[in-house]
Amino acid sequence: VRKKAFEAEIIAYEKIDKSIAAALNSIKGEVNTISEARGFASPLDQALHMSRMQKETLTAMQEAVKDYYEVFRAYLKRKAKLLGHKNGLPFYDLNAPIGSFNKHFTIEEANDYVFKNFSTFSPNLANLAKRAFTENWIDYTPRKGKRGGAFCSNMHEIKESRIMTNFTGAFGDMLTLSHELGHAYHGDTIFNESILNSSYTMPVAETASTFCETIVNKAAIKDAQTKDEKIFLLESAIQGYTAVVIDIMSRFIFERSVFEGRKETVYDVDELKELMIKAQKETYGDGLDQDNLHPYMWIPKPHYYSGGLSYYNFPYTFGLLFAKGLYAKYLENKKEFVKNYDLLLAATGKMSVEDVAKLMNIDVTKKAFWVSSLEMLKEDIEEFLELTK
C-alpha cells in the first residue's frame, strides 16, 4: 500500500512539476536579490540573523550531525532488513511501523498520563497542563472542516494558550498533546515579560515542546509491558530523530545548492530532481535504497516557498538536539535544572540562542554540546538494534 501510494504521488507531481519549479526558481532568485540589497552575504546569513543565531553554532551542530550519519544508517539498514529489503530502505517505507502497540487512550486517560508524568518534572509544568485541561484550552478531536495536524497559539494579551489537536486515541496523539502543551508552557514562562520581549526565534521554538514530549515518551518506554511495545515506541521516536536530523540535513543541502546555483542559472525540473537525489545520497547514504529515493521532495515541502523565511529546516534540528541536551542536563541535577529551566524559556524572547544556552552553562558554538545531544539519540538507536537482533 505504501509503495503504491508513493508511486501515485510521483505521478501526481509530474503533472505540476514545471510550474512548481518555476515558482521555486522565482522565489529563490528574489531572496538572493533582496538579501544582497539588505547587506547580507547570503540568504543563509539573513536566516541566521533572523534566528538570532551565529554561524559558528550552525557549523558546530552540522559537523556533529555528519559524524553520526553512520549511526542513523545502521538503524535504517536494520529496519530495511526487518521489512524484507536487501539494498537499504526504500523511501516509501521510512515511516513504516515496527513492533506493535495496540493500546488506545481516551482523552481523559491521555490527560491523566501526561499530567502524571509532567508532575515528575515540576509543579509548574503539571499546573499548566491542569489549567489547559480544566479551562478548555484544547480542541481535541477531528471533525469536518477542521484542518489536520496540531498547533498551539500563545496569547500574551490574556496570558493563556489555545491548542488544536486531532486526537484519535493513538499513542502518537498523546505525544502530540504533550508536545503542544510544551509550547503552552513556553508561552506561560514568557507571559510575565513585556510584549516586546515575548517573540522567540525559530531555533528555540521547539525547545519546551520537544522536552515535554521526551518526558512522556521516556515514561512510556519504561512502562512498556512487552518487547514488541518497547520496539514500537523506540522505533517511533527514532523515526522522528531521523526526519529531524538526517532528512532535514538533506533539505538544507538542497536549499543551499539551489540558492548558490540560482545566481548563475535557472533550474529545470530534471536539475532540481538531481540536486535532491544528490542531497539524499549525501545524508542517508546506503541506509536508503539508492534506486528508491524521492526526487520530488522539493515539491511537497512548503518551507521552500517562503520569500520571507528561508532555510526553514535547520531550526528543527537545533530544537530537537537542544532539548535533548537540556534533558541530559536535567538528568545530571534535577533540582537545580528545574529552577533554571523557566528562566531559560523566559529569556528566549529577548536573547540570542547562544546567550540563552549560556544560562545553563551550555556553549552551543562548540561541537561537544551537540555530540552530547546526539549521544542520547544514539543510545535509543543502539537499544533498538539490540532488541531487533
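Draft legend 1. Up close: helix 11 (residues 227-262). Under the 1.5 Å per step criterion, the end-to-end length of helix 11 is 50 Å for 36 residues, consistent within 8% with the ideal 52 Å. Ala243 marks where helix 11 bends most, by close to 30°. With respect to burial, helix 11 is a largely interior element, 26 of its 36 residues being buried.

Draft legend 2. Representation of the packing of aromatic side chains within the structure. If you walk through the whole model with that rule in mind, you get 29 aromatic pairs. For the pair Tyr185 and Tyr341, a centre-to-centre distance of 6.5 Å together with 15° between the ring planes defines the contact as stacked. Of this pair, Tyr185 sits in helix 8 (residues 171-190) while Tyr341 is found in helix 14 (residues 334-347), placing the two residues 156 residues apart along the sequence. For the residue pair Tyr185 and Tyr341, the accessibility class agrees, reading buried in each case. Through successive ring pairs, a cluster of aromatic residues spans Phe121, Tyr185, Phe211, Tyr327, Tyr330, Phe337 and Tyr341.

Draft legend 3. Representation of the packing of helix 7 (residues 123-134) against helix 8 within the structure. Where helix 7 contacts helix 8, the axes come no closer than 10 Å and their chain directions differ by 110°. In this view, helix 7 runs roughly perpendicular relative to helix 8, as classed from their interaxial angle. Of the residues in helix 8, those in contact with Asn124, Leu125, Leu128, Ala129, Arg131, Ala132 and Phe133 of helix 7 are Leu177, Leu181, Ala184, Tyr185 and Asp188. Residues that form the contact of helix 7 with helix 8 fall into these classes: nine nonpolar, one polar and two charged.

Draft legend 4. Just helix 2 (residues 17-37), in detail. In a regular helix each residue adds 1.5 Å, so 21 residues correspond to 30 Å; helix 2 covers 30 Å between its end C-alpha atoms and thus fits that length. Among the residues making up helix 2, those that are buried are Asp17, Ala21, Leu24, Asn25, Ile27, Lys28, Gly29, Val31, Asn32 and Ser35. Residues of helix 2 that are buried make contact with helix 1 (2-14), helix 3 (43-50), helix 11 and helix 12 (269-284).

Draft legend 5. Looking closely at unusual backbone geometry. Here Asn136, not a glycine, exhibits a phi torsion of approximately 60°, which is positive. By the secondary structure assignment, Asn136 is in the loop between helix 7 and strand 1 (138-139). Even without being a glycine, Lys159 presents a positive backbone phi close to 55°. Structurally, Lys159 is set in the loop between strand 2 (151-155) and strand 3 (160-164).

Draft legend 6. Seen up close, the side chain of Ser198. With respect to the element layout, Ser198 can be found in the loop between helix 8 and helix 9 (202-205). In this structure the side chain of Ser198 is engaged in a polar contact, spanning 2.6 Å, whose partner is the backbone oxygen of Ile195. If we ignore the near neighbours within four places in the chain, the residues touching Ser198 are His156, Ile190 and Gly349.

Draft legend 7. Molecular detail of the side chain of His183. Mapped onto the elements of the fold, His183 is located in helix 8. Reaching out from His183, the side chain makes a polar contact with the side chain of Glu206 at a distance of 3.5 Å. Those residues in contact with His183 that lie beyond four places of it in its chain are Cys152, Asn154, Ala205, Glu206 and Ser209.

Draft legend 8. Spotlight on the nonpolar core. By size, the foremost hydrophobic cluster in this structure holds 120 residues, and its most contacted members are Leu181, Phe254, Trp298, Phe314 and Tyr341. The leading source of residues in this core is helix 11, at 15 residues. Excluding its chain neighbours within four sequence positions, the residues that come into contact with Tyr341 are Phe121, Tyr185, Thr207, Ala208, Phe211, Leu326 and Met360.

Draft legend 9. A look at the sheet that holds strand 1. The strand order 1-3-2 describes an open sheet built from three strands, whose pairing is mixed. Each edge of the open sheet carries a strand with a single partner, namely strand 1 and strand 2. Where strand 1 and strand 3 come together, two bridges link them in parallel fashion. Across the sheet, residue Asp139 finds its bridge partner in strand 3, namely Met164.

Draft legend 10. Layout of a negative patch on the surface. A cluster of acidic residues, Asp268, Asp270, Glu271 and Glu274, forms a negative patch at the surface. With respect to the helices and strands, Glu271 occurs in helix 12. The class for Glu271 is partly exposed, based on a relative accessible area of 31%.

Draft legend 11. Just the environment of His104, in detail. Position of His104 relative to the elements: it lies in the loop between helix 5 (69-82) and helix 6 (107-119). A sequence separation of 242 residues divides His104 from Ala346, and the C-alpha atoms of the two residues are 35 Å apart. Apart from residues lying up to four places away in sequence, His104 is in contact with Glu109, Thr168, Gly169 and Ala170.

Draft legend 12. Fine view of the pairing of strand 2. Alignment of strand 2 against strand 3, held across five bridges, turns out to be antiparallel. Among the inter-strand pairings, Asn154 is bridged to a residue of strand 3, identified as Ser161. Here strand 2 folds back onto strand 3 in antiparallel fashion, the turn holding four residues, of which Lys159 has a positive phi close to 55°.

Reading guide: rules and limits
- Just so you know, the residues in each chain are numbered from 1, in the order the chain's sequence is written.
- Only residues with pLDDT of at least 70 are given local features in this predicted model, and only at 80 or more are side-chain atom pairs given and counted; all residues enter the totals for whole chains, interfaces and linings.
- To get the side-chain values, all heavy atoms of the structure are used, and hydrogens and water are removed first.
- Under the scheme used here, helices are H or I runs from DSSP no shorter than 4 residues and strands are E runs no shorter than 2 residues, and both carry numbers assigned from the N terminus.
- Here the expected length of a helix is defined as 1.5 Å per residue gap, with one fewer gap than residues.
- Fitting one axis to the seven residues ending at a residue and another to the seven starting there, the bend at that residue is the angle between the two axes.
- Throughout, exposure labels follow a simple rule: accessible area from a 1.4 Å probe, protein chains only, divided by the maximum for the residue type, with under 20% read as buried, over 50% as exposed, and the rest as partly exposed.
- Between the rings of Phe, Tyr and Trp (Trp by its six-membered ring), a pair exists once the centres lie within 6.5 Å; its type follows the angle of the planes, with under 30 degrees stacked, over 60 edge-to-face, and the other angles tilted.
- Here an axis means a line fitted to C-alpha atoms, over the contact stretch when the element is a helix, while the angle between two N-to-C directions is reported on a 0 to 180 degree scale.
- Angular relationships are summarised with four words: roughly parallel below 35 degrees, roughly antiparallel beyond 145, roughly perpendicular across 65 to 115, and oblique for the angles in between.
- In what follows, a contact means two residues having at least one pair of non-hydrogen atoms within 4.5 Å.
- Amino acids are sorted into nonpolar (Ala, Val, Leu, Ile, Met, Phe, Trp, Tyr, Cys and Pro), charged (Asp, Glu, Lys and Arg) and polar (every other residue, Gly among them).
- Polar contact criterion, stated in full: a pair of N or O atoms within 3.5 Å, where within protein one must be able to donate a hydrogen and the other to accept it, and residues adjacent in sequence count only if both atoms are side-chain atoms.
- Grouping buried Ala, Val, Leu, Ile, Met, Phe, Trp, Tyr and Cys residues that are joined through side-chain atoms within 4.5 Å yields what is termed a nonpolar core.
- Pairing between strands is defined by DSSP: at least two bridges between them are needed.
- Patches draw on residues past 30% relative accessible area with no salt bridge. Two like charges within 9 Å are joined, as are two nonpolar side chains (Val, Leu, Ile, Met, Phe, Trp, Tyr) within 5 Å.
- All accessibility values rest on the Shrake-Rupley procedure with a 1.4 Å probe; residue burial counts only the protein chains present in the view.
- The salt bridge criterion pairs a side-chain nitrogen of Lys or Arg with a carboxyl oxygen of Asp or Glu, the two atoms within 4 Å.
- Positive charges come from Lys and Arg, negative ones from Asp and Glu, while His and the chain ends are left out of the count.
- Charge positions come from single atoms, namely NZ of Lys, CZ of Arg, CG of Asp or CD of Glu.

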